[in-house]
Amino acid sequence: MELSNKSEYALLALLELASRYSSGESLQIRQMAVLQDIPNRYLEQLLATLRRGGLIKSIRGAKGGYVLAREPKKITLLDAWSCIEGVEAVTAKVEQHGKTLETQIIEEVWQEARQAANAVLENYTLQDLCDRRSTQQKKELMYYI
């Protein structure tokens, strides 16, 4: 399992939206693109996918933009990853017919690894990412004598 640029950019955009969730502030595409150094046109496509997946909502008007569809603590990283990469990436099954015993064994272990990775992603939420970022920022601000 690999973190694609597409998934990384989507998570970066979601992280920006999650950090503004409590204030109710919406973010426009160009703001997110600048904050996270994501190409504008690519971000538009990702946000459309996240909106169709029910993770974000768009707000129309002069002060419009995007907001999370639900609380950051209720959106897991697995939700985001499966929305961007597709359900097949999360639930890929091993087909057994016509394979050698060795190939079947390797694919079974690969399936087990995928399930373990999914379990980890299921345990982390956007709120967890926000909390980690906040902790890291505080560490960077500390001065040691």
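One structure accompanies this document, and this report is about it.

What counts and what doesn't
- Residues numbered from 1 in each chain as written.
- Predicted model: local features only at pLDDT ≥ 70, side-chain atom pairs only at ≥ 80, totals over all residues.
- Heavy atoms only, no water.
- Pairing = 2+ DSSP bridges.
- Helix = DSSP H or I, 4+ residues; strand = E, 2+ residues; numbered from the N terminus.
- Patch = residues over 30% accessible without salt bridge, like charges linked within 9 Å, V, L, I, M, F, W, Y side chains within 5 Å.
- Areas by Shrake-Rupley, 256 points an atom, 1.4 Å probe, with all protein chains shown as cover.
- Salt bridge = Lys/Arg side-chain N within 4 Å of Asp/Glu carboxyl O.
- Axes fitted to C-alpha atoms, helices over the stretch in contact; angles between N-to-C directions.
- Parallel < 35°, antiparallel > 145°, perpendicular 65-115°, else oblique.
- Contact = heavy atoms within 4.5 Å.
- Nonpolar A, V, L, I, M, F, W, Y, C, P; charged D, E, K, R; others polar.
- Expected span 1.5 Å × (residues − 1).
- Phe/Tyr/Trp six-rings, centres within 6.5 Å; stacked < 30°, edge-to-face > 60°.
- Buried < 20%, exposed > 50% of the residue type's maximum accessible area, 1.4 Å probe, protein only.
- Core = buried A, V, L, I, M, F, W, Y, C linked by side-chain atoms within 4.5 Å.

1. What about the pairing of strand S1 (residues 56-59)?
A regular strand places its side chains on the two faces of the sheet in alternate fashion.
Alright, step 1. Note that S1 and strand S2 (residues 65-68) share 4 bridges and pair antiparallel. Directly across from Lys 57, in S2, lies its bridge partner Val 67.
Alright, step 2. Where S1 folds back on S2, the antiparallel hairpin that results is connected by 5 residues, among which Gly 61 adopts a positive phi of roughly 110°.

2. Overview of a nonpolar patch on the surface
Alright, step 1. The grouping of Leu 101, Ile 105 and Val 109 at the surface amounts to a nonpolar patch, some 280 Å² of accessible area in total.
Alright, step 2. Secondary-structure assignment places Ile 105 in helix H6 (residues 101-123).

3. A closer look at the packing of helix H4 (residues 77-85) against H6
Helix packing geometry: the angle between the two helix axes and the distance between the axes.
Alright, step 1. Two elements in contact, H4 and H6, have axes whose closest approach is 6 Å; the angle formed by their N-to-C orientations is 120°. If you check the angle between H4 and H6, you find them oblique. Between H4, through Leu 77, Leu 78 and Trp 81, and H6, the contact on the second element is made entirely by Asn 118, Leu 121 and Glu 122.
Alright, step 2. Considering only residue class, the contact of H4 with H6 consists of 4 nonpolar, 1 polar and 1 charged.

4. Focus: helix H1 (residues 5-19)
Alright, step 1. Compared with an ideal rise of 1.5 Å per residue, which puts 15 residues at 21 Å, H1 spans 21 Å between its outermost C-alpha atoms and is within 8% of the ideal.
Alright, step 2. Packing partners of the buried residues in H1 comprise helix H2 (29-36), helix H3 (40-52), S1, S2, H4 and helix H7 (126-141).

5. Some points on the packing of aromatic side chains
Alright, step 1. Within the structure shown, the criterion is met by 1 aromatic pair.
Alright, step 2. Aromatic side chains Tyr 9 and Tyr 42 sit 5.7 Å apart centroid to centroid with 80° between the ring planes, which places their arrangement in the edge-to-face category. Here Tyr 9, found in helix H1, pairs with Tyr 42, found in helix H3; they are 33 residues apart in sequence, far enough to count as distant.
Alright, step 3. You can call Tyr 9 partly exposed: its relative accessible area is 21%.
Alright, step 4. Residue classification places Tyr 42 among the partly exposed positions, given a relative accessible area of 26%.

6. Remarks on the nonpolar core
Across soluble globular proteins, nonpolar side chains have a tendency to be buried as a group.
Alright, step 1. Ranked by size, the top nonpolar core spans 30 residues in total, and within it Leu 14, Met 32, Leu 43, Leu 47, Leu 50, Ile 56 and Leu 68 carry the most contacts.
Alright, step 2. For this core, the secondary-structure elements that each account for two or more residues are H1, H2, H3, S2, H4 and H7.
Alright, step 3. If you tally residues by element for this core, the top one is H1, at 7 residues.
Alright, step 4. Excluding anything up to four places from it in sequence, Leu 43 contacts Ala 13, Ile 29, Met 32, Ala 33 and Ile 38.

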